Amino acid sequence: MTTAAERSAAPADREGLTVESIYRRHAADVARWAARLGGPRLEVEDAVQEVFTRVQDHLDGFRGEAKLTTWLFRITRNVVLRQRRRDRFRAFLRGPAEDAARELPAPGLSPEGNAEQRQARERIARALEGLTERQRTAIVLFELEDLSGEEVAERMGVSVGNLWVLLHRARAALLRRLEETR
Amino acid sequence: MSADRRNVPLRPWSRTEGKTAAEAEAAALLDALRSAETLSDEALARVGRRIGQPRRHAPVGPRWGLAAAGLASAFAVALVLRTDREPLPPPAAATRAIAPDDRFAVAPPAAPRLLGGSRTAAEAAGLGAPEGPLPSTAAGLERQRIAMPSAAPRATRHAAAPAERSVAAPQALRLERPAAEKAMRRMDAPEALLAEQPAPARATAGRAIPPEDVLSAFARLADAGNCRDALGLLGATALPATGADAGRLLFDRGRCRLATGRRAGGRQDLADYLARFPRGPDAGEARALLR
């Protein structure tokens, strides 16, 4: 039986890919995607750990048909979706006191700047929370990641024409949500 | 076509000229999100060391207990509901006790006449007829049993029957009613009747009636002509295939079924009786009923 360390060190068939090399190159990307897709409540560290654990488990099955970043993004999106569902249930179980504790300002930021940034991020995060998963993904990739329409369509597995329709609707929904939270 | 259905290419808000005020605000807010730091290098290094290990779990919160209790309650309710849907047990396993009332009044059995004579069996045995009012309750039946230990009707003319027919104990008779009600498909009646009974009667709920007691009480009621209650009590209780009372019980059930309009079952029972006991004491009556 191979250990996790041995498996992680074993090179994949394509281009000498190992979990370590992928992690070194893309861990920050995965963390950013996870944070943007999952919102402020997501445990980004846990999400990144789970993404690369899946990468380690399925690297041998990665056939290289999609770009590595596309494959990583799809894993990240699935992990975030799963974690968001789980966190919603856990948030209910933890109760309001611990929910409030999670909203405490992060250390290291000045109170003023922290408050302003927090308000802005909370507002946009709350508006994004009101979108569907597909709409949120489209907005994150197109508006925040600055990917082209073709790249976003590839990562989401939709046609470019469908992506524009999706983006139009996502933008309209986001503006409605922002108007509601004004 | 509404604007959100168009599939024309877009440009990110951050690079779009001539945005509306709302779009400009959305772009600014998205910029705030864009500038948010996600994980530091130290955090990424820490996560890298944890790859492949089990994820750390959030501490148990105060509502976990509530959730566990809720699950346990739901399981218990499901168990109860599932139990309620199970088929009714046969009367022998009836679990409620209800005190008898006048509906279970047993008509006095006609004193059997000895063949060719005018004396009753009790008189022949030197016992007087039971004194006092006719038994109309289980207690009355019990008194009658004590007064007439060997003068059970038809006992003297049934060759295979013992001299004395065992009589159901009062407790068994008290248990007759719910079983009879269930057998008669009046499912709501036992509940209402149970609620009407005094506490001591309800206190015996949960006991099962031995089948032999059910059969004894059935025979007693059938002899008394109370076929409806007799069959209700008997329910799905199987008759003994052998034994001293096998023939008599089979005949009684067939007779009572016919008397209560269950012709097919009654005729079947009488035909079975004749097939098994062609020379039995009730064979003549069985043939007459079948005709």
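Whatever comes next refers back to the structure up there.
Residues numbered from 1 in each chain as written. Chains lettered and ligands numbered in written order. Predicted model: local features only at pLDDT ≥ 70, side-chain atom pairs only at ≥ 80, totals over all residues. Heavy atoms only, no water.

1. Brief notes about the pattern of salt bridges
Then comes step 1: Under the definition given, this model contains 21 salt bridges over all chains.
Then comes step 2: In this structure, Arg50 of chain B engages Glu45 of chain A in a salt bridge whose closest nitrogen and oxygen atoms are separated by 3.5 Å. Here Glu45 of chain A lies in helix α3 (residues 44-58) and Arg50 of chain B lies in helix α2 (residues 41-50), a pairing that spans two chains. A single burial state applies to Arg50 of chain B and to Glu45 of chain A, both of which are buried.
Then comes step 3: Salt-bridge contacts for Glu133 of chain A lead to Arg136 of chain A; the nearest nitrogen and oxygen are separated by 2.5 Å. (Salt bridge = Lys/Arg side-chain N within 4 Å of Asp/Glu carboxyl O. Helix = DSSP H or I, 4+ residues; strand = E, 2+ residues; numbered from the N terminus. Buried < 20%, exposed > 50% of the residue type's maximum accessible area, 1.4 Å probe, protein only.)

2. Describing the interface of chain B and chain A
Then comes step 1: Tallying the contact residues gives 45 residues for chain B and 50 residues for chain A.
Then comes step 2: Buried area between chain B and chain A, both sides added, is near 4500 Å², and the carbon and sulfur share of it is 60%.
Then comes step 3: Connecting chain B to chain A are four salt bridges.
Then comes step 4: Taken together, the elements giving at least two residues each to the side of chain B that touches chain A come down to α1 (21-34), α2 and α3 (62-84) of chain B.
Then comes step 5: It is α1 of chain B that contributes the most residues to the side of chain B that touches chain A, nine residues altogether.
Then comes step 6: Of the residues contributing to the side of chain B that touches chain A, the split by class is 23 nonpolar, nine polar and 13 charged. (Contact = heavy atoms within 4.5 Å. Buried area = accessible area lost by both parts, 1.4 Å probe. Nonpolar A, V, L, I, M, F, W, Y, C, P; charged D, E, K, R; others polar.)

3. Here's the deal with the packing of aromatic side chains
Then comes step 1: In total, this model carries six aromatic pairs over all chains according to the counting rule given.
Then comes step 2: Ring geometry for Phe142 of chain A against Trp164 of chain A: centres 5.7 Å apart, planes inclined by 85°, an arrangement best described as edge-to-face. Residue Phe142 of chain A is found in helix α7 (residues 133-144), and its partner Trp164 of chain A is found in helix α9 (residues 160-180); the two are separated by 22 residues along the sequence. Comparing Phe142 of chain A with Trp164 of chain A, the two get one shared label, buried.
Then comes step 3: Between Tyr273 of chain B and Phe277 of chain B, the ring centres sit 5.4 Å apart and the planes meet at 40°, which makes this aromatic pair tilted.
Then comes step 4: Judged by relative accessible area, which is 26%, Phe277 of chain B ranks as partly exposed.
Then comes step 5: Members of the aromatic cluster, joined through ring pairs, are Phe251, Tyr273 and Phe277 of chain B. (Phe/Tyr/Trp six-rings, centres within 6.5 Å; stacked < 30°, edge-to-face > 60°.)

4. Focus: the packing of helix α13 (residues 263-276) of chain B against helix α14 (residues 283-290) of chain B
Residues and elements named next belong to chain B.
Then comes step 1: Direction vectors running N to C along α13 and α14 enclose 145°, while the axes themselves pass 10 Å from each other. At the point where α13 passes α14, the crossing takes the left-handed sense. Touching Arg267, Leu270, Ala271, Tyr273 and Leu274 of α13 are Ala283, Ala286, Arg287, Leu289 and Leu290, all from α14.
Then comes step 2: In terms of residue class, the contact of α13 with α14 is made up of eight nonpolar, no polar and two charged. (Axes fitted to C-alpha atoms, helices over the stretch in contact; angles between N-to-C directions. Left-handed = near helix turned anticlockwise from the far one by under 90°.)

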